[in-house]
Amino acid sequence: NVGTLLLLVFFVYGVFGVFLFGTVGILEYPPPNGGGIGPYSNFWNFGWAMLTLLRCATGEAWNSIMWDLIVQGGGYTWSWLYFITFITIGSFIVLNLFIAIVLEAFATVMEQDKFEVRANDFMEFQKAWAIFDPSGDKYIDVGRDLKPFLREVAPPLGPGRLASVTEILQLIDQLQLPDGTSLKLMKSGKVGFHELLSALVNHAYRVDMETLPSGLQAEVRYTSKRFNKAAPPGEEEEREEDQSEQEARLYFASTTLQVIARQYMESEGVSLDTGDNISIPSSSTHAPVANGRSIAFDDRTSSSLDEVSPT
């Protein structure tokens, strides 16, 4: 907006400069303080007028151009009014306003370096949340999980692991959700990821979310949005895990039945060398892997149920 205003000021004065001084050429005998109008500083056309005004805005010998016009006499004696107003508006006010905005932007960046809560603190909050919300429901139980969760959140967002129970309870008393609900009054129920994160950030700065620096508000929204995109384990993965577990159990059950059948046939004097043999898995036989475990069996003659055990 300031740049547009500055361009508008230059445009208006450029048009008036061509209209008022476009016929003034280079003086053969300029005044003692003059000599400003030349081949590269004049008002002969709009382009040269804009370049001349840019030079005047920097303060470079703008008065010499003014004196070249004043000595023309007649209505040109009022040329000082054109230049004084332009220098006042274009140089002293607008340019300084533009510089002030640049300095303000720089101060904002410097202020962000002093933020009490940094991006790394949001990452630690998310890691601690994953411990108490492994399924990714985006909610934790207030009565059961809130106190141990806050202990896992390091300062400045949380009290940290070294905090006492009293300090954690005091923090809970001071926390207030964005909708105005006090966590102190919530003896049961659940609290969401974004709501608790916002409450902790507000507590760290002792202000409301709306009055926080815009950069910090954006960081809170970005962390919540990124967490919402983290999906829990898919149903397909869970089905594969269940199928693996079932295969391991079926293998173990069938092998156990074979051992029981062998013991029974030996006690009845039935020879295992006739008829259909019942194959007993050797010690090198392993059941399918389930949850990181395999099942092995012993094939000694005195096999019993106690000898069939997972390893």
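Description of the structure in this document. Computed from a predicted structure; not experimentally measured. (Residues numbered from 1 in each chain as written. Predicted model: local features only at pLDDT ≥ 70, side-chain atom pairs only at ≥ 80, totals over all residues. Heavy atoms only, no water.)

### A word on the overall build of the protein chain
Just so we agree on the cut-off: Secondary structure counts use DSSP, requiring at least four H or I residues in a row for a helix and at least two E residues in a row for a strand, with both numbered from the N terminus. For the exposure calls, accessible area comes from a 1.4 Å probe over protein chains only, and a residue counts as buried if that area is under 20% of its type's maximum, exposed if over 50%, partly exposed in between. In what follows, residue pairs with any heavy atoms lying within 4.5 Å of each other are defined as contacts. A 1.4 Å probe and the Shrake-Rupley method give the accessible areas. Residues count as covered only by the protein chains that appear here.
Helix and strand counts for the protein chain stand at ten helices and four strands. Residue burial in the protein chain is summarised as follows: out of 311 residues, 33% are buried. Taking all contacts inside the protein chain whose residues are at least 6 apart in sequence as the whole, residues at least 24 apart take part in 58%. Carbon and sulfur atoms make up 58% of the accessible area of the protein chain, which totals about 19200 Å².

### Brief notes about the nonpolar core
Worth spelling out the cut-off: The criterion is simple. A nonpolar core is a set of buried Ala, Val, Leu, Ile, Met, Phe, Trp, Tyr and Cys residues joined through side-chain atoms within 4.5 Å.
Membership of the largest hydrophobic core comes to 27 residues, with the highest contact counts inside it found for Phe125, Phe149, Leu150, Leu157, Leu196 and Leu200. By residue number, the principal contributor to this core is helix H8 (residues 193-205), which donates eight residues. Sequence-distant contacts of Leu157, defined by excluding residues within four places in its chain, comprise Val117, Asp121, Phe125, Leu197, Leu200 and Val201.

### Re helix H5 (residues 119-132)
Heads up, the condition is: A helix is expected to reach a length of 1.5 Å times the quantity of its residues less one. This arc corresponds to the set of directions leading from the helix axis out to the C-beta atoms.
Compared with the 20 Å implied by 1.5 Å per residue over 14 residues, the 21 Å span of H5 between its first and last C-alpha is a close match. Buried within H5 we find Asp121, Phe122, Phe125, Gln126, Ala128 and Trp129. The arc enclosing the buried residues of H5, seen along the axis, measures out at 165°, which places them on a common side. Turned more than 90 degrees away from the buried face of H5 sit Lys127 and Ile131, all of them exposed.

### Remarks on the environment of Leu8
Following the sequence through the fold, Leu8 ends up in helix H1 (residues 2-21). Separated by 82 residues in sequence, Leu8 and Gly90 have C-alpha atoms that sit 9.9 Å apart.

### Details of unusual backbone geometry
Look at Ala61: it is not a glycine, yet its phi comes out positive at around 50°. Note that Ala61 resides in the loop between helix H2 (46-57) and helix H3 (62-70). For Ala61, a relative accessible area of 27% gives the class partly exposed. Positive phi values are uncommon outside glycine, yet Lys138 reaches one of about 70°.

### Digging into the packing of helix H6 (residues 142-152) against helix H7 (residues 165-174)
Stated formally: Whenever a helix is involved, its axis is fitted only over the stretch in contact; in every case the axis is a line through C-alpha atoms, and angles between N-to-C directions fall within 0 to 180 degrees. Working rule for angles: under 35 degrees goes down as roughly parallel, over 145 as roughly antiparallel, 65 to 115 as roughly perpendicular, anything else as oblique. Residues are grouped as follows: Ala, Val, Leu, Ile, Met, Phe, Trp, Tyr, Cys and Pro are nonpolar; Asp, Glu, Lys and Arg are charged; all remaining types, including Gly, are polar.
For the pair H6 and H7, the least separation of the axes is 10 Å and the interaxial angle reads 105°. Classified by the angle their axes make, H6 and H7 are roughly perpendicular. In this structure, H6 contributes Leu146, Lys147, Leu150 and Arg151 to the contact, and H7 contributes Val165, Ile168, Leu169, Leu171 and Ile172. Here the contact of H6 with H7 is composed, by residue class, of seven nonpolar, no polar and two charged.

### What to know about the pattern of salt bridges
The test is simple: Every case where a carboxyl oxygen of Asp or Glu lies within 4 Å of a side-chain nitrogen of Lys or Arg is listed as a salt bridge.
The tally for this structure, following the rule as stated, stands at two salt bridges. For Glu152, the salt bridge identified is with Arg161, shortest N-O distance 2.9 Å. Residue classification places Glu152 among the partly exposed positions, given a relative accessible area of 29%.

### Considerations on the packing of aromatic side chains
Definition in use: The aromatic pairing rule takes the rings of Phe, Tyr and Trp, using the six-membered ring of Trp, and pairs them if the centres are within 6.5 Å, calling planes under 30 degrees apart stacked, those over 60 edge-to-face and the rest tilted.
For the structure on display, the rule yields 19 aromatic pairs. Centre to centre, the rings of Phe21 and Phe83 are 6.3 Å apart; their planes meet at 20°, and the pair counts as stacked. Of this pair, Phe21 sits in helix H1 while Phe83 sits in helix H4 (residues 79-112), and the two are 62 residues apart along the sequence. Where Trp129 meets Phe149, the ring centres are 5.5 Å apart and the plane angle is 85°; that geometry is what we call edge-to-face. Separated by 20 residues along the polypeptide, Trp129 in helix H5 and Phe149 in helix H6 bring together distant segments of the chain. For the residue pair Trp129 and Phe149, the accessibility class agrees, reading buried in each case.

### Some details on a nonpolar patch on the surface
The following threshold applies: By definition, no residue in a patch forms a salt bridge, and every one has over 30% relative accessible area; like charges are joined within 9 Å, nonpolar side chains (Val, Leu, Ile, Met, Phe, Trp, Tyr) within 5 Å.
The grouping of Leu5, Leu8, Phe11, Val12, Val15, Phe16, Phe19, Leu20, Phe46, Leu97 and Ile101 at the surface amounts to a nonpolar patch, some 1000 Å² of accessible area in total. Elements that contribute at least two residues to the nonpolar patch include exactly H1 and H4. Broken down by element, the nonpolar patch gets its largest block of residues, eight residues, from H1.

### Regarding the packing of H2 against H3
Describing two packed helices takes the angle between their axes plus the distance from one axis to the other. Between H2 and H3, the shortest axis-to-axis distance is 8 Å and the interhelical angle comes to 125°. One element, H2, and the other, H3, form an angle in the oblique class. Along the contact surface, H2 presents Thr52, Arg55 and Cys56, while H3 presents Trp62, Ser64 and Ile65. Of the residues assigned to the contact of H2 with H3, the class counts are three nonpolar, two polar and one charged.

### A closer look at the side chain of Asp133
The condition is simple: Charged residues are defined narrowly, with Lys and Arg counted positive, Asp and Glu counted negative, and His plus the chain ends left uncounted. Any N or O atom pair separated by 3.5 Å or less is treated as a polar contact, with the protein-specific requirement of one donor-capable and one acceptor-capable atom, and with residues adjacent in sequence counted only for side-chain atom pairs.
With respect to the helices and strands, Asp133 occurs in the loop between H5 and strand E1 (139-141). Lys138 provides the closest opposite charge to the buried, salt-bridge-free Asp133, at an N-O distance of 7.2 Å. Separated by 3.0 Å, the side chain of Asp133 and the backbone nitrogen of Asp137 make a polar contact.

Remember, this is a structural readout, not a statement about activity or role.
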